[in-house]
Amino acid sequence: YQKRFLVLPFGVSSRFINHGTAREEKCVATGTFHDLLKEEPSEAYADFIRVTGEKSYQPVRREIYQARDRVRNHITCLTSPFRSEHERSIFVRIFRKLDVRQANYFRVDMVEEYNRHKYAVVGEEISGFPALGSFEAMSSGVVLFGQKLHLQGLGLVPGRHFIDYDGTLEDLLAKMHSHAGENLASIARAGEVVIRANYSAETIHATWLRALSD
């Protein structure tokens with residue numbers, strides 16, 4: 001593709017705010033995950049699976065979901081499969097948008113959940129994309145666990161705006177343990193400020209208009 005293209009960054013809804021209430025010394029994990037082996041048409045996902053060796057875009061979400069009972073004292077698991085277990089049936093192929101798992105996920109009050117927890121992990125996509133939920137969590141005053149490689153170029157500095165980890169559940173738990181009891185208010189506040197300054201809906205709207213008029 002030889003023509004010019006523009007990229008519109010995430011815009012965070014104004015409802016994601018810090019309520020200033022006491023927070024649990026726990027991490028909330030959010031987001032859905034795909035099993036690409038079950039997606040159709042299968043050939044559309046073959047290259048991604050072959051190159052990455054993964055069958056999910058955000059494997060840490062799946063890892064947390066599968067270990068949810070084991071880690072429940074440390075992590076509140078709100079991650080869930082994108083499709084139901086029976087998505088290959090004729091009914092699911094026709095009525096996928098009515099998937100109960102997705103409906104239940106979107107009923108969760110994410111603002112309340114982020115404000116209830118000290119930490120959050122959303123899981124960047126292994127192809128390099130960050131997650132909108134990470135920005136929403138930071139805007140709510142949460143200390144984010146993120147992968148610095150995936151957040152480069154976005155004005156976010158590891159150790160200042162978020163805590164860097166390697167994208168695995170094992171390292172997430174290790175970093176939580178090493179920071180347990182620490183006052184991380186400065187990281188939470190710095191993350192909140194930078195997201196509000198650079199990624200509010202109003203700021204992104206103005207940025208987009210400037211780019212289009214250039």
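Provided above is the structure to which this section pertains.
The notes below deal with the structure included here. All figures in this text were calculated on a predicted structure; none of them were measured in a lab. (Residues numbered from 1 in each chain as written. Predicted model: local features only at pLDDT ≥ 70, side-chain atom pairs only at ≥ 80, totals over all residues. Heavy atoms only, no water.)

**Structural notes on the overall build of the chain**
As a reminder of what qualifies: Counting from the N terminus, the helices are DSSP H or I runs at least four residues long and the strands are E runs at least two residues long. Relative accessible area decides the class of each residue, using a 1.4 Å probe on protein chains only: under 20% of the type maximum gives buried, over 50% gives exposed, and in between gives partly exposed.
Along the chain, the regular secondary structure elements total ten helices and five strands. Within the span of the chain, comprising 214 residues, buried residues form 43% of the whole.

**Here we look at the pattern of salt bridges**
Selection rule: Whenever Lys or Arg places a side-chain nitrogen within 4 Å of a carboxyl oxygen from Asp or Glu, that contact is recorded as a salt bridge.
Tallying each qualifying case throughout the model produces eleven salt bridges. Glutamate 39 serves as the salt-bridge partner of arginine 83, at 3.2 Å between the closest nitrogen and oxygen. Taken as a pair, arginine 83 in the loop between strand S2 (75-81) and helix H3 (90-94) and glutamate 39 in the loop between strand S1 (24-33) and helix H1 (46-52) lie far apart in primary sequence, 44 residues in all. Comparing arginine 83 with glutamate 39 shows no difference in burial state: the two are buried. Residue glutamate 113 pairs with arginine 116 through a salt bridge whose shortest N-O separation is 2.9 Å. Remark: arginine 116 and glutamate 113 occur in helix H5 (residues 110-116); sequence separation between them is three residues, near one turn of the helix. On the basis of relative accessibility, which here comes to 15%, the residue glutamate 113 falls in the buried class. Accessibility expressed as a relative area gives 28% for arginine 116, which makes it partly exposed. Within this structure, Glu24, Glu113 and Arg116 form a network of salt bridges that share partners.

**Looking at the side chain of glutamate 113**
Selection rule: What qualifies as a polar contact is a pair of N or O atoms within 3.5 Å, subject to a donor-acceptor requirement within protein and to the restriction that residues adjacent in sequence count only when both atoms come from side chains. In this analysis, two residues are considered to be in contact whenever any of their non-hydrogen atoms come within 4.5 Å of each other.
At 2.9 Å, the side chain of glutamate 113 and the side chain of arginine 116 are in polar contact. Other than its neighbours up to four places away in sequence, glutamate 113 contacts Val28, Leu78 and Val108.

**Let's talk about the sheet that holds S2**
Sheet strands pair via backbone hydrogen bonds, and the direction of the pair is either parallel or antiparallel. For clarity, the threshold we go by: One bridge is not enough; two strands pair if DSSP finds at least two bridges between them.
The strand order across the open sheet formed by five strands is S2-S1-S3-S4-S5, and the pairing between neighbours is parallel. Pairing within the sheet leaves two strands with one partner each, and these edge strands are S2 and strand S5 (163-164). As defined by bridge partners, strand S4 (residues 143-146) adjoins S5 across two bridges and the pair is classed as parallel. Residue pairing in the sheet places glycine 146 in a bridge with aspartate 164 of S5.

**Description of a nonpolar patch on the surface**
To keep things clear, this is the line we draw: Patch criteria: residues need more than 30% relative accessible area and no salt bridge. Like-charged residues are merged within 9 Å; nonpolar side chains of Val, Leu, Ile, Met, Phe, Trp and Tyr are merged within 5 Å. Here the accessible surface of atoms and residues is derived via Shrake-Rupley with a 1.4 Å probe, and residues count as covered only by protein chains that are part of the display.
Together, Tyr1, Phe5 and Val7 make up a nonpolar patch on the protein surface, roughly 450 Å² of accessible area in all. Within the fold, valine 7 resides in the segment before S1.

**Re the packing of helix H9 (residues 185-199) against helix H10 (residues 201-213)**
Going by this rule: Fitted lines through C-alpha atoms give the axes, limited to the stretch in contact for helices. The angle between two N-to-C directions lies from 0 to 180 degrees. Any angle that is under 35 degrees is reported as roughly parallel, and any over 145 degrees as roughly antiparallel; angles of 65 to 115 degrees are reported as roughly perpendicular and all others as oblique. When residues are grouped by polarity, Ala, Val, Leu, Ile, Met, Phe, Trp, Tyr, Cys and Pro land in nonpolar, Asp, Glu, Lys and Arg in charged, and all others, Gly among them, in polar.
Interhelical geometry of H9 versus H10 gives an angle of 40 degrees and a closest axis separation of 6 Å. One finds that H9 runs oblique with respect to H10. Mapping the contact onto sequence places Arg196, Ala197, Asn198 and Tyr199 in H9 and Ala201, Thr203 and Ile204 in H10. Per-class residue counts for the contact of H9 with H10 are four nonpolar, two polar and one charged.

**Considerations on the packing of helix H6 (residues 132-139) against H9**
So the rule is basically this: Each crossing is labelled by how the near helix is turned from the far one, with a counterclockwise turn of less than a right angle marking it left-handed and a clockwise turn marking it right-handed.
Relative orientation of the contacting elements H6 and H9 amounts to 120 degrees, with a least axis distance of 7 Å. Crossing of H6 against H9: the hand is left-handed. The residues of H9 that touch H6, namely those facing Phe135, Met138 and Ser139, are Gly191, Glu192, Ile195, Arg196 and Tyr199.

**A closer look at the nonpolar core**
To be explicit about the condition: Here, nonpolar core refers to any group of buried Ala, Val, Leu, Ile, Met, Phe, Trp, Tyr and Cys residues whose side-chain atoms link them within 4.5 Å.
Among the nonpolar cores identified, the biggest contains 22 residues, and Val12, Phe16, Tyr114, Ala120, Leu156, Ile195 and Tyr199 are the most heavily contacted of them. Breaking this core down by element, the ones donating at least two residues are H5, H6 and H9. Residues in contact with isoleucine 195, not counting those within four places in the same chain, are Val12, Phe135, Met138, Ser139, Leu156 and Ser200. Judged by nonpolar contacts, the second largest core, of 19 residues, contains Ile64, Tyr119, Leu184 and Ile187.

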